Number of protein chains: 4
Amino acid sequence: MTEKTNRKNQIIEVASKLFFEQGYHVTGIKQIIEAADIAKGTFYCHFKSKEELGLEWLRRGSEKWIACRNAYLEQFGDEPARKLVALFDYQAKGAAACSYRGCAMLNMLAESPDLGCPMRQAIRGYKKDFLAFIRSLVDQHLPNASDADREQRAGAIYLLSEGATVAAQSFCKTGPIEIAKKQVEKILAE
Amino acid sequence: MTEKTNRKNQIIEVASKLFFEQGYHVTGIKQIIEAADIAKGTFYCHFKSKEELGLEWLRRGSEKWIACRNAYLEQFGDEPARKLVALFDYQAKGAAACSYRGCAMLNMLAESPDLGCPMRQAIRGYKKDFLAFIRSLVDQHLPNASDADREQRAGAIYLLSEGATVAAQSFCKTGPIEIAKKQVEKILAE
Amino acid sequence: MTEKTNRKNQIIEVASKLFFEQGYHVTGIKQIIEAADIAKGTFYCHFKSKEELGLEWLRRGSEKWIACRNAYLEQFGDEPARKLVALFDYQAKGAAACSYRGCAMLNMLAESPDLGCPMRQAIRGYKKDFLAFIRSLVDQHLPNASDADREQRAGAIYLLSEGATVAAQSFCKTGPIEIAKKQVEKILAE
Amino acid sequence: MTEKTNRKNQIIEVASKLFFEQGYHVTGIKQIIEAADIAKGTFYCHFKSKEELGLEWLRRGSEKWIACRNAYLEQFGDEPARKLVALFDYQAKGAAACSYRGCAMLNMLAESPDLGCPMRQAIRGYKKDFLAFIRSLVDQHLPNASDADREQRAGAIYLLSEGATVAAQSFCKTGPIEIAKKQVEKILAE
DNA sequence: AATGAATGAGCCTTCATTCAT
DNA sequence: CATGAATGAAGGCTCATTCAT
């Protein structure tokens, strides 16, 4: 809340926008500091490298995304099935923009081939959490189903979500998300 | 077939490997020419720009992928359902490598935010064709189903394939492809 | 007249246009061969280097300019004074174009600082001849004037011509040529 | 005055020398930074492009030339005619060097064919000012002459100056400047 | 904290020329 | 004669990072 955090936050916010809209490697430090209206050195007062900023982008971005998603899903109280379906409505809202850029994590995944690097660990962690979140809702919805059944359903819903994201990004349409949503309804109704 | 084409092919092959393994923007002309063991100028005798080479990579890569996939599916003769399922076996084969890099098109998608650029057009075209390919198999499998039904099933299978690709890439496991495969079997059995 | 000479002539003509309109150093071999629609190697069958072509441009260009100028002045028969004045009318005709590029020799002079190089020798030779041409007309017009007087008048006319050329090029107007012409009339009338 | 400005000044001075002596296009950034003994990146800390440096060269060069000329002419107090004649003495001083390169503006003019580019605007502005300077001296010298008469005389003197510059550059002699000077004396005496 | 000058390896691309066909 | 692939130095410029102030 102080000036201190504000400055760092401002850099992260500005950079997050650029990284997401343009890509990580294609976005240079110069562009970031100009957009944030700070000096070169100031940037390195707050981040020891571009990668550190990139990690912060991924971390905060996922936190924000999760928080907003959860806030959106709250309206569905304790109805896990409706929540799972609503997940795709939430996705569709974000994808409505004419130049939808998909999922920051998946985009960064394409740009960071090194398996062990911090970026990849962050991506894996985030995606693992997302799958676990879906799984927990499936578990709530079908408490009596077998473990394997629930894993299959949760996995399928997760894949449909990922597929819908990249398809919406590819075609710049929300159609794929509709398809995914309908399929999820079927999966939960079976 | 002559020496002439060989040199250009060699550049494309070397570059395709690097683009796919490392990413497009992170791969420099210098690295490409060193890997291909040619002079800087030689590169520009064959390609008018890096982008042209990138487009050639996408074009040839998709051609090759489609050809190999079709060759693999031939063994299933005129059984469209088995072909659709086998699609995921084929995918799993490619994903077995310890550092699976997913789909070149989707990776490039993440790196090219400009909607109208040639890269994006190539990606859209390729993905549209892939969806159409799945759709034609679904049509063959369920000739009596309604158009909307077939669209939904084909769409879902397509999304599962995309999702499985990025998930396998994220986690470096073929597990997601197995999940997708099982789900496709259900979709076709309904 | 044969095919042989035609090809070489074509290169010279195309290059002359480009050198004059754009400048010598800024015009690349690639642009020349593309404009002439020939292969890289073909160029070097006819010229051993870019410089040789440049020299040929200057040589032929001055020959052509002199020939056209003389043809234009012929109408003034044996009236040297009118010829000297008409020289500026001729100059004005060339300078009427909206993006007048002045004198190829003077432009090349600006681009070739090396005093002893062939280009500079060509320029010096051409300018010496031009001054001598003016001098001969002055001599015809004022056969009884002293040598020093005629040298002064011829020199001044020459300088006015050079000045008018670069001024017309600077301002993209023919006004300076009119000024020069009037001054020459005064110089000859004294 | 501080260290900061010194570095930038140093680059400008080094580059000005090279641009003037060799030509603009033929002088590379590499040569400039080597002569200035700085790193590539340092250059671009101070100038956003080669063109910006080129413009600075023209701007400072003309400022310096004008200042030195005015300082030289001061000795002639309020005698405009003597000042006009002395202009050519001043010119001759500069042209005495064995490899006289003439006027930076006219040389740059030869290298920049694009009418609207900043370089051309700078050149036009400078030349317009020079003509206006001559005109003001002519006006002082002949306050009772008609406007047209003064315009003609000033114009002729200007053209003689330009002509003398390029002729001295062409022949590497100051002779043409002497001729111009004598002619100017006549023009003012009439 | 904040600054911005300095670095030099690297970016993609063009240069004039050669040479085997 | 004509071709166009091959060369590698050079073109102008950007990169992420450091450091003295």
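This section reports on the structure supplied with the text. Every value quoted in this text rests on a predicted model; they were computed, and no experiment measured them. (Residues numbered from 1 in each chain as written. Chains lettered and ligands numbered in written order. Predicted model: local features only at pLDDT ≥ 70, side-chain atom pairs only at ≥ 80, totals over all residues. Heavy atoms only, no water.)

Structural notes on the environment of Asp139(D)
Part 1 of the reasoning: Within the element layout of this structure, Asp139(D) appears in helix α7 (residues 118–141).
Part 2 of the reasoning: Sequence separation between Asp139(D) and Arg153(D) is 14 residues, and the spatial gap between their C-alpha atoms is 9.8 Å. (Helix = DSSP H or I, 4+ residues; strand = E, 2+ residues; numbered from the N terminus.)

Topic: the protein's contact with DNA strand E
Part 1 of the reasoning: What surrounds DNA strand E is a group of 33 residues, the closest being Gly41(A), Thr42(A), His46(A), Gly41(D) and His46(D).
Part 2 of the reasoning: Protein-proximal atoms of DNA strand E, defined as those within 4 Å of the protein, fall in sugar or phosphate at a share of 60%.
Part 3 of the reasoning: Within the residue set of the surface near DNA strand E, elements represented by two or more residues are α1 (3–22) and α3 (40–46) of chain A, α2 (29–36) and α3 (40–46) of chain B, α3 (40–46) of chain C together with α1 (3–22) and α3 (40–46) of chain D.
Part 4 of the reasoning: Classifying every residue of the surface near DNA strand E gives nine nonpolar, 13 polar and 11 charged. (Near = heavy atom within 4 Å. Nonpolar A, V, L, I, M, F, W, Y, C, P; charged D, E, K, R; others polar.)

Some words on the relation of the copies chain C and chain D
The two chain copies are related to each other by a rotation about an axis together with a translation along it.
Part 1 of the reasoning: It takes a turn of 180 degrees to lay chain C on chain D, together with a shift of 0.0 Å along the axis; the resulting RMSD is 0.1 Å. Taken together, the rotation and translation relating the two chain copies correspond to the operation of a two-fold axis. Among all C-alpha atoms of chain C, that of Gly163(C) lies closest to the rotation axis, at 1.9 Å.
Part 2 of the reasoning: When the interface residues of chain C are mapped onto chain D, 100% of them again fall at the interface, so both copies present the same face. (Least-squares fit on C-alpha atoms with pLDDT ≥ 70 in both. Contact = heavy atoms within 4.5 Å.)

With respect to the packing of helix α9 (residues 175–189) of chain C against helix α8 (residues 147–171) of chain D
Part 1 of the reasoning: One can describe the packing of α9(C) onto α8(D) by two numbers: an axis separation of 9 Å at closest approach and a directional angle of 95 degrees. The orientation of α9(C) relative to α8(D) falls into the category roughly perpendicular. Each of Pro176(C), Ile179(C), Ala180(C), Lys182(C), Gln183(C) and Lys186(C) in α9(C) lies in contact with α8(D), whose residues at this interface are Asp149(D), Glu151(D), Gln152(D), Gly155(D), Ala156(D) and Leu159(D).
Part 2 of the reasoning: Here the residues of the contact of α9(C) with α8(D) are counted per class, giving five nonpolar, three polar and four charged. (Axes fitted to C-alpha atoms, helices over the stretch in contact; angles between N-to-C directions. Parallel < 35°, antiparallel > 145°, perpendicular 65-115°, else oblique.)

Topic: the interface of chain C and chain D
Part 1 of the reasoning: Opposite the 44 residues of chain C that make contact, chain D presents 44 residues.
Part 2 of the reasoning: Around 3600 Å² of area is buried between chain C and chain D when both sides are counted, 65% of it from carbon and sulfur atoms.
Part 3 of the reasoning: Summed over the three residues of chain C that lose the most area to chain D, namely Gln152(C), Leu159(C) and Phe171(C), the buried surface amounts to 18% of that side.
Part 4 of the reasoning: At the surface where chain C touches chain D, the tally comes to zero salt bridges.
Part 5 of the reasoning: If you look at where chain C meets chain D, you find 10 residue pairs in polar contact (both at pLDDT 80 or more).
Part 6 of the reasoning: Ranked by the residues each element gives to the side of chain C that touches chain D, the list is headed by helix α8 (residues 147–171) of chain C, at 16 residues. (Buried area = accessible area lost by both parts, 1.4 Å probe. Salt bridge = Lys/Arg side-chain N within 4 Å of Asp/Glu carboxyl O. Polar contact = N/O pair within 3.5 Å; in protein donor to acceptor, adjacent residues only side chain to side chain.)

A short note on the relation of the copies chain A and chain B
Part 1 of the reasoning: Mapping chain A onto chain B calls for a screw motion: a turn of 180 degrees about the axis and a shift of 0.0 Å along it, with 0.1 Å RMSD after fitting.
Part 2 of the reasoning: A share of 100% of interface residues in chain A that are also interface residues in chain B marks the association as one of identical surfaces.

Some points on the interface of chain A and chain B
Part 1 of the reasoning: Residue-level contacts link 44 residues of chain A with 44 residues of chain B.
Part 2 of the reasoning: The contact between chain A and chain B buries some 3600 Å² in all, and 65% of this surface belongs to carbon and sulfur atoms.
Part 3 of the reasoning: Sorting the residues of chain A by area buried against chain B places Gln152(A), Leu159(A) and Phe171(A) first, and these three jointly supply 18% of that buried surface.
Part 4 of the reasoning: The interface formed by chain A and chain B holds zero salt bridges in total.
Part 5 of the reasoning: Connecting chain A to chain B are 10 residue pairs in polar contact (both at pLDDT 80 or more).
Part 6 of the reasoning: Among the secondary structure elements, those contributing two or more residues to the side of chain A that touches chain B are α1, α6 (104–111), α7 (118–141), α8 (147–171) and α9 (175–189) of chain A.
Part 7 of the reasoning: Its residues assigned to classes, the side of chain A that touches chain B comprises 20 nonpolar, 11 polar and 13 charged.

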